[in-house]
Structures are given as structure tokens and as C-alpha cells.
Amino acid sequence: MSLVNFTTREITCKIVYYGPGRSGKTTNLHYIYGRVPESRRGRMVSLATQTDRTLFFDFLPIDLGQISGFSTRFQLYTVPGQVYYNATRRLVLQGADGVVFVGDSQARQLDENLESLQNLQSNLLEHGVDIRTIPLVLQYNKQDLPLELILSPADLDDALNFRGVPSFSADALHGKGVFETLKSISELVLKKLAAGTAA
Amino acid sequence: MTSALNPKYSFDSFVVGAANRLAVTAGHTVAESPGAAYNPLFIYSGSGLGKTHLLMAVGHAAKKAAPKLNIEYLTLDEYVEAFHASVAAGQGDAFRRRFQNVDVLLVDDVQFLTNRKEMQSELLRLTEALQAAGRQIVLTSDRPPPDIADLDERLISRLSGGLVVDMGTPDYETRVAILRRKSEERGARFEPGVLEAVAQAEVGNVRELMGALNRLVAFQAVNDTSINAETVKRILGLASEGAGSASPGDGRTPAAKGGGGGGGGGDEFGEFLADVTVTVGKAVEAWRARVGEAVLRWEGEGYRTQRLEALLQRDAPAAVDKAIAAFAEDVERLKALEAEVAELDPQAAGQSVFRDPERLSEAEDAAAKVRAGAAPPPGPSAAFPLAAFAVGPSNQVAVSAARAALERPGKKYNPLVLVGKSGLGKTHLLNAIGLELARGKRAVVACLSTQAFIDELIAAIDGNRVDWWRARYRRATALLLDDIHLLAGKERTQEELFNLFNLLQDKDRQLVFTAPAHPNTLSGLEERVVSRLEGGLVAELKEPDREVKRAVLERMLTQQAVHPEPALIDYLADRPTDSVRSLVGLLQRVASAAAAQDGPLTAGLAREVLEGQSSRDSRRAGGFRTSGLVVSSLGGIKSREKVVWDWIDVGDRVIEEFR
């Protein structure tokens, strides 16, 4: 992972939005896309099926411009959530600097969340990455749904967040919690970057 | 000795406020007249309030006032480390001397004395010594002396005996002044009221203040818009916003959204950008910290660091770590060169080129020069191989001792002292041992006469290069001195030999000496030298026995390609001679007689020559009128004193008597 390139003076962070199907990963990216000034964002690439399901991945490049003399870029990716696209997921995960796990807060989706989280762990391992070392945050999406359908963030923390990483409740459709999540993962990634170059 | 003072930390760049005025004034006073006013000066304050800055400022000011002062700045940890290193190297005294020669000693972070009893007593001793000598000590700590846990009462009273002064948190005005100065240094401009707003924040120390300023500078650089007093609080998170809380369901976004309607989204991104900017700023600015650390470290070790300081002047140099690594590499090379040179010529190692990585090539040249000039000490003469040494019962003890010493140099008989009268082969055996020892890998055998040793020392004293001379012998893996009795009355040489002896013996290096008699019978040698000579083995060479004589004769004749009759060897070997040298003399007389007659070497001729029936022809052939000894070009007695060269004219005397 060469995040900071002192020679070309570039910082590039690859952040992957991971999670079960229909949990709202692409929605996160769409919301971000809508808030980033045109001059700062690249074209969002979205390869979707006719029913708007992510087929391959979404890609959103954000150019933060010169920061401390470094041209700083973020690349946001999503993976297809469906179980049978695992090869694609693994491919997209390659070289990721940080992962946002977008969970579905609906009570009936809990198993899918767990399954996807395990899948994330094994796919990372395929790339030789330990899930305990990669920057990771959890987002509990769809917290806007009726309370009887969803689990509370505390319950979800109990069920999914056994590593105690930062977690955010969100309503990606309306943007609540989207940027908080992005900020948090960016910070983790950049801090790791600082530690990495210092070593 | 060089100080590790960061040039940026001077009184000029120190912002004085009510909270630190007393400390600064005391610092000024101390710098102007070290050792005279407050001694020791003890400054304490919380972290990040300028202790180190003030301490270094005192150093700078003192240096400026009196450039010749020896000023040493170091942290307590460095002091402890240096002490441990010197103790480990057996140089504890050198360490003490080093600090006792300091005119102004600046010690940072003495609170770390806790639980370091031995350092406490060391510091106590040093403080007393420096105070007694009127030298200045300035110390800093994060708490006053009595609050440093586990600190020796005597040290507390010592440290509190001068002036103990604290520095508090800067007040609002000072904070504004600091911010103004720092933003000027960074070339950043802010709208009026911005810095004041920052200064209003409650900060614990100056470092936090700097952190806040950095964030503003970074934010302004990215957004191309200047910040006003309103936005400051938001950027710095001073208002209602807590630290990025992750608690679910808290309404963080509405404020931004509600405020600007359509523009709300932009704000969300703006906030994100600000956050990232700060994080990136910290990450990439980390190189400054690393460079700074490197500068402090190498400066602390006494190396010049312009190259690294130049890096700091630039905005964002590429490959900082590489530059630091390259610098460290150069320093390592300098260290290696210095160590090498120190071994060859300690005086030359003191040159400043060995402390400046920018002058590495000069240092290489200097080292090469020293290397070239570092002639090894005189070695053994190749004319005396061990194989040519005739062995018999009379010298058996000495020869087997020599062989034992050769088997395990420095371990078995050290020193080995060969004693015996003149002409018995001591010099031969000594050189033979030297030759054998010199066969070893990397062996540096010093083998010379004591007279030459003394002469060299005198020349070294004369040329003011005694260090070089000493180093030359200290490198030797073996030291062999002929005729050690010549040291008699040479006090300085005895002193040098004594030290060299101890040093070499400690390192298990073989020492061999020769003397005409047992060391304890030699006069004019100091008792300590004598006792050391006796400490190994004193082996005596006696008058040559028949076996030795035969061996010597056979060898000499073979060398001259003469095949004598056995009777000649028997005859010569049986003749009473008290040394090998006189035996050789006998043989030479016979040989020259034979040469004169152009006849063979026979026992008969020998008898004729040696028992007085010598023919007049042979004398004439010799060309000299002698006292009975024939001086031959083959060697033998060369001393003018033993030969009567100018005979009086007998004729004159006869005439005189006739009258």
C-alpha cells in the first residue's frame, strides 16, 4: 500500500463500502456524489443491472486538491452485495486502504449482515490482510425505518461490532450519518498512513 | 565538545508574559554572568510551556556573550545514557572530567531522576564540583525539586539552593502575542480578530495553541478563503461540537443543513474537507518532527547538521526519510573513520572534519593521510630466524620457554624475560620469537632495542606527537624489547613502558624482554617495572655448551660453503669460550688465517693460530698490527674501544731509551 507518495507528492486513499445486498452502499456514494462540488469530483462509474442493483461496482473519485502540498485523492468503491458476486468483491477489495461496512438495520437482515461480515474477513485474508489491522468502521443504515422493524444501534453494536470499531447510525437516503462515516474512515486511514510513513 | 542547542530556541523567539517573566529574567542574568548569580537555576513548569526553549536560549545567550565558554546542553536521559556508556567502557573518570570542564551545564527534564539513585549521587557530586568551580548549572523539570519522587534530600537542598522559578500557563495577551509571532513566522495572514478568537480558547500549553494555529493555516490554504472570527470556533471545534462523537442518533447535521438550504450540502463536504486537511496536515507534517528529531540527535552527538536543517527550511521536500538515512549513513562513516584515526593518531581524531557530514570527503582524505603516516612500530630482524638458533642444554630452558610462548602468545609466559651475558644469543632468540609471532594474521610485532625505544620517545616528545607514538605501540600484538637494562635512569620511558606493559598484558599480548642479568639485580629500574618483569618467566641463557658450539660452528661453516674436517669442529668446540660471539671470533681468526695462506681450514691451522704458533705471514696478510685479535671483515668485534688502532712507534721509544 503506497498511500503517500513523497516523490510524486500524492496521497491516494481507496475506501471500499462493503456489506450485504441492498444495505445502502451505493446510496451512500450517491449522497456523497451529490454533496461534492463538481470541480472536486470525477465521473461516478456505476455498473448496475436493470433493476438498479450493483452488478460490478460503483466508483467515485474525489479530488481534495492540494493539502499541505500533496494532491489528495479519495477513491470510493462499492461492492455488489449479493452472495454470488464474491469474485468481484474480492477483486474490488484488493488494495483497499479502509473499509466501511454498511449494515442493514432491519432485524430480519441480521444474518445477512453477519454473513457478509464473515465474507469480508475471509476475502481480506485472501489478500493477506488481517481485518484487525485494516481501518474499518461500521454504519447501521436504514435507522429511519419504523422502530419495530429495526434493531437499535446498541443491539447492532452487540451483534456486529465485536472489535469495537467506530460505528454510526445512518439514513443514507437522506444523508444522515453518511459524511460522519466517511470522515471517520478517512481519519483512520490517514492516521494509519502517518504511522506507516513514519516507520 | 559541542552543544546541541537548537538555533531556533533563542531569547528573541521567546514570548515573554507575566507567567514566565521571572524565569526569563533569571535566565538572562545567568547567561550574562554564568556561575555568578543564581546557581543552580532550577526552572519548572508543565509540559509545553517553554522550558526547553528557555534552557536553550540561556545557552545561546551565554555563548554569544562569551564564545569561548564550554556549554553543554543535554536531557537527563542523555546524561544517564552517557554515564552508563562510559561506565560500561571503563571510562567513568573520563565522563566525570568531561562534565567538570563544562562552563555552563544545561540539563533538561531532571524529573526523570526518580528511582535512579546512582544518577542522583552522580549529579549531586557534579553539582557540588561545578558550583565549587564557579560554573553555572541550569536545570528544568516539570515539578519543583521537593516534588520529584524519591529524590535524595541532599540533592533537593542542593537544587533548591540557587533559584527555583516556575513558568505558568500563558495568559490571554501572551497567547495572542505567541499566535501573532508564530503566524508571522509561517507567513500566514488572518483577518483581525481571528487570532484573538483562538487565544480565547482555554488551552493547557503552548503546544496546543500551535496545534490550533496549524489547523487554521491548513484550512485557509485548502479553501482559498480567509477565515473570520466566526468560523474559527467551528473549525477548531470550540463551540457546541464535541469530539467527533459516534453516538447514534445525535443530531449533528441539521445545523449545517438548516443554515444554508441548498448550500448545506457544500458545507457537509467542507467540513469533511477541513477534517481531512487537519489529519493530512498532521500526517505529512510528521516529517518535520522526524527531521527535527534527527537534528537534535546528531547535534547532541556533536555532529553538524546543516543538511537536515536545510530540509526544514523547505516546504515539503521529497524523500525526507532517505535524506535522514543518508545523513545517518554519512555520520556512521565519520564515526568509523574517527575511530580508525583515533587508534592511529588520537590527536588527529580531534579534527572537526570528523564531525561534519558535509565534509565527508575531506574526512576520508584526512583519514587516508593518517593511515599513510601510521608506520607500524619497528619489527623483528629477518636475520635471526628461529631455525638458525643453536639449541643445547645451556639454553634449553630459554628456548622451550620461547616455544611455549609462541604456542600460546600472551597466555603462557607473559612477560618472558631472557637473561644472560652478552653474546649468548639473547638478541637472536628475541628476534626469532618476533619473527614467529609476526607470522600470525594481522600481527603487529614491535621488536626493537630499548635504546631505539627511548630514542623514538624522545623524538616523539620533541615533535609533540607522543599520542601518535603511544597509539603506534598500543596497536602492537606483541612487544619485544632488547636490553631492557638500558631503561636505567630513563624515568619517562619507564613510565611509558609501564603503561604500555599493563595495557598490552591486559589484552593478552605477548611481551618479551632481554637483560644481561635477572631484573631484580638491575639498578636504575623502578620497582614497579622490575616486579612486572618478574611476573612472567625469567629464563636464563648460560655459557654455550659443546653441543651449542658445534651447532654454531657447523652452521657458520656451511654458510661459508666450507667443508671442514671434523677434527676442526671438535677442536674449536672444546676450546673454552664464554659466549657464542667469542666462538665466532675464534672461527673468524682461523678462517682469515686460512685465507691468507690460501690453504684449507684444518685443526692444525686452528691450533697454530689460536695457541700462539701463528705464522707472521698471516698477521701481515691481515694488514693490521693488533692486540692479538684479528679484525676481520667477516664481522666479530667491531667496537673501536676494544681494538687498539694506533700503536706508538716502537722505534721512537727505543731511541728515547738509548739517549
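To keep things clear, this report deals only with the structure shown in the data block. Counting restarts for each chain, with residues numbered from 1 along the sequence as it is written. Just so you know, chain letters begin at A and ligand numbers begin at 1, following the order they were written in. In keeping with the model being predicted, local features are shown solely for residues with a pLDDT of at least 70 and side-chain atom pairs are shown and tallied solely at 80 or more, while totals for entire chains, interfaces and linings include all residues.

## Regarding the overall build of chain B
And then number 1: Per the secondary structure count, chain B includes 28 helices and 10 strands.
And then number 2: Neighbour density around each residue's C-beta defines its exposure: 20 or more other C-beta atoms within 10 Å make it buried, 12 or fewer make it exposed, and counts between make it partly exposed, where C-beta atoms are placed from the backbone. Every one of the 659 residues in chain B was classed for burial, and the buried ones make up 36%.
And then number 3: Whether two residues are in contact is decided by their C-beta atoms, placed from the backbone, lying within 7 Å. Sequence separation of at least 24 residues holds for 74% of the intrachain contacts in chain B that already meet a minimum separation of 6. For the purposes of this entry, the term helix denotes a DSSP run of H or I that reaches at least four residues, the term strand denotes a run of E that reaches at least two, and both are numbered from the N terminus.

## Focus: the overall build of chain A
And then number 1: For chain A, the helix and strand inventory stands at 5 helices and 8 strands.
And then number 2: Reading chain A from its N end, one meets helices and strands in the order β-β-α-β-β-β-α-β-α-β-α-β-α.
And then number 3: Split into buried and exposed, the 199 residues of chain A put 50% on the buried side.
And then number 4: Looking at chain A alone, contacts between residues at least 24 apart form 68% of all its contacts between residues at least 6 apart.

## Examining the sheet that holds strand β6 (residues 416-420) of chain B
Residue and element names in this part refer to chain B.
And then number 1: When DSSP finds at least two bridges between two strands, those strands are taken to pair. Taking strand neighbours across the sheet as the criterion, the 5 strands line up as β7-β8-β9-β6-β10 in an open arrangement whose pairing is parallel. Across the chains shown, the open sheet's two edge strands, defined by having one partner strand only, are β7 (445-449) and β10 (537-541). This sheet shows a mean twist of 15 degrees between the axes of neighbouring strands, independent of strand direction.
And then number 2: Throughout, an axis means a line fitted to C-alpha atoms (over the contacting stretch in the case of helices), and angles, computed between N-to-C directions, take values from 0 to 180 degrees. Its contacts with the sheet put helix α18 (residues 426-438) on β6, β7, β8 (478-482), β9 (510-515) and β10, and the angle it makes with β8 is roughly 165 degrees.
And then number 3: Sheet strands touched by helix α19 (residues 450-462): β7 and β8. Its angle to β7, the strand with the most contacts, is close to 100 degrees.

## With respect to the pairing of strand β1 (residues 41-45) of chain B
Residues and elements named next belong to chain B.
And then number 1: Buried residues dominate β1, accounting for 5 of its 5 residues.
And then number 2: The side-chain alternation of β1 yields two buried faces, one formed by L41, I43 and S45 and the other by F42 and Y44.
And then number 3: As defined by bridge partners, β1 adjoins strand β5 (residues 163-167) across 5 bridges and the pair is classed as parallel. Bridge pairing in β5 places I43 opposite V165.
And then number 4: In the sheet, β1 pairs with strand β4 (residues 136-141) via 4 bridges, with the strands oriented parallel. Across the sheet, Y44 pairs through a bridge with S141, a residue of β4.

## Overview of the packing of helix α5 (residues 117-132) of chain B against helix α6 (residues 153-160) of chain B
Residues and elements named next belong to chain B.
And then number 1: One can describe the packing of α5 onto α6 by two numbers: an axis separation of 10 Å at closest approach and a directional angle of 40 degrees. The angle between α5 and α6 falls in the class oblique. Handedness of the α5/α6 crossing: left-handed. Residue-level inspection shows Q120, L123, L124 and T127 of α5 in contact with α6, the latter providing R154, L155 and R158.
And then number 2: Looking at the contact of α5 with α6 residue by residue, the classes come out as 3 nonpolar, 2 polar and 2 charged. Here the word oblique covers every angle except those under 35 degrees (roughly parallel), over 145 (roughly antiparallel) and from 65 to 115 (roughly perpendicular). Helix crossings fall into two classes, left-handed where the near helix is turned counterclockwise from the far one by less than a right angle and right-handed where it is turned clockwise. Note that Gly is not counted as nonpolar here; it falls among the polar residues with everything else outside the nonpolar set of Ala, Val, Leu, Ile, Met, Phe, Trp, Tyr, Cys and Pro and the charged set of Asp, Glu, Lys and Arg.

## Topic: the nonpolar core
And then number 1: Under the definition applied here, buried Ala, Val, Leu, Ile, Met, Phe, Trp, Tyr and Cys residues are grouped into a nonpolar core through C-beta atoms within 7 Å. Core analysis: the largest hydrophobic core is formed by 123 residues, its most contacted members being A:V16, B:V58, B:V198 and B:L216.
And then number 2: Every residue in contact with A:V16, bar those within four places of it in the chain, is listed here: A:Y77, A:V79, A:V92, A:L93, A:A96 and A:V99.
And then number 3: Among the nonpolar cores identified, the runner-up in size contains 64 residues, and B:F389, B:A390, B:V512 and B:L525 belong to it.

## Side note on the environment of B:V110
Residues and elements named next belong to chain B.
And then number 1: The topology assignment puts V110 in the loop between β3 (104-108) and α5.
And then number 2: Judged by the 25 C-beta atoms lying within 10 Å of it, V110 falls in the buried class.
And then number 3: For the pair V110 and P144, spaced 34 residues apart in sequence, the C-alpha separation works out to 10.0 Å.
And then number 4: With sequence-adjacent residues up to four places away left out, V110 is seen in contact with L76, L139, T140 and S141.

## Side note on the sheet that holds β1(B)
Residue and element names in this part refer to chain B.
And then number 1: Across the sheet, which stays open at both edges, the 5 strands sit in the order β2-β3-β4-β1-β5 with parallel pairing between neighbours. Every interior strand has two partners, whereas the edge strands, β2 (71-75) and β5, have only one. Ignoring strand direction, the axes of neighbouring strands in this sheet form an average angle of 15 degrees.

## Quick notes on helix α7 (residues 172-185) of chain B
The α-helix advances 3.6 residues per turn, and as a result positions three or four apart in sequence lie on the same side.
Residue and element names in this part refer to chain B.
And then number 1: The span you would expect from a helix comes to 1.5 Å times its residue count less one. An ideal rise of 1.5 Å per residue puts 20 Å on 14 residues; α7 measures up with 20 Å between its terminal C-alpha atoms.
And then number 2: Along α7, the positions that sit buried rather than exposed are T174, R175, I178 and L179. The arc that holds every buried residue of α7, seen down its axis, measures 135 degrees, which confines them to one face. Opposite the buried face of α7, at more than 90 degrees from it, the exposed residues are E173 and E184.
And then number 3: Of the residues trailing α7, G187 is marked for its positive phi of about 70 degrees. Directions pointing from the helix axis toward each C-beta atom define the arc.

## Focus: the pairing of β2(B)
As a general feature of sheets, a regular strand has side chains that alternate between the two faces.
All names here are of chain B.
And then number 1: Buried residues dominate β2, accounting for 5 of its 5 residues.
And then number 2: What you see with β2 is no split at all: I71, Y73 and T75 on one side and E72 and L74 on the other are buried throughout.
And then number 3: Pairing between β2 and β3: 5 bridges, direction parallel. Across the sheet, residue E72 finds its bridge partner in β3, namely L105.

## With respect to the packing of helix α21 (residues 491-506) of chain B against helix α22 (residues 527-534) of chain B
Residue and element names in this part refer to chain B.
And then number 1: The contact between α21 and α22 brings their axes to 10 Å, and the two run at 40 degrees. If you check the angle between α21 and α22, you find them oblique. The handedness of the crossing between α21 and α22 is left-handed. Counted together, Q494, L497, F498 and F501 of α21 and R528, V529 and R532 of α22 form the full contact between these two elements.
And then number 2: Taken together, the residues of the contact of α21 with α22 sort by class into 4 nonpolar, 1 polar and 2 charged.

## Re unusual backbone geometry
And then number 1: A cis amide bond links B:N39 to the next residue, B:P40, at an omega of 0 degrees.
And then number 2: Unlike most non-glycine residues, A:K142 shows phi in positive territory, near 65 degrees.
And then number 3: Relative to the helices and strands, A:K142 resides in the loop between β7 (136-141) and α4 (153-160).
And then number 4: The backbone phi angle of B:D508 is positive, close to 60 degrees, even though this residue is not glycine.
And then number 5: Relative to the helices and strands, B:D508 resides in the loop between α21 and β9.

## Regarding the environment of B:L195
All names here are of chain B.
And then number 1: The residue L195 is located in helix α8 (residues 194-200) in this model.
And then number 2: Classification of L195 as buried rests on a count of 24 C-beta atoms within 10 Å.
And then number 3: Sequence separation of L195 and A229 is 34 residues, and the distance between their C-alpha atoms is 7.9 Å.
And then number 4: With residues up to four places along the chain from it excluded, the contact list for L195 reads V176, L179, R180, S183 and F190.

So far we have only geometry, and geometry alone does not tell us how the molecule works.
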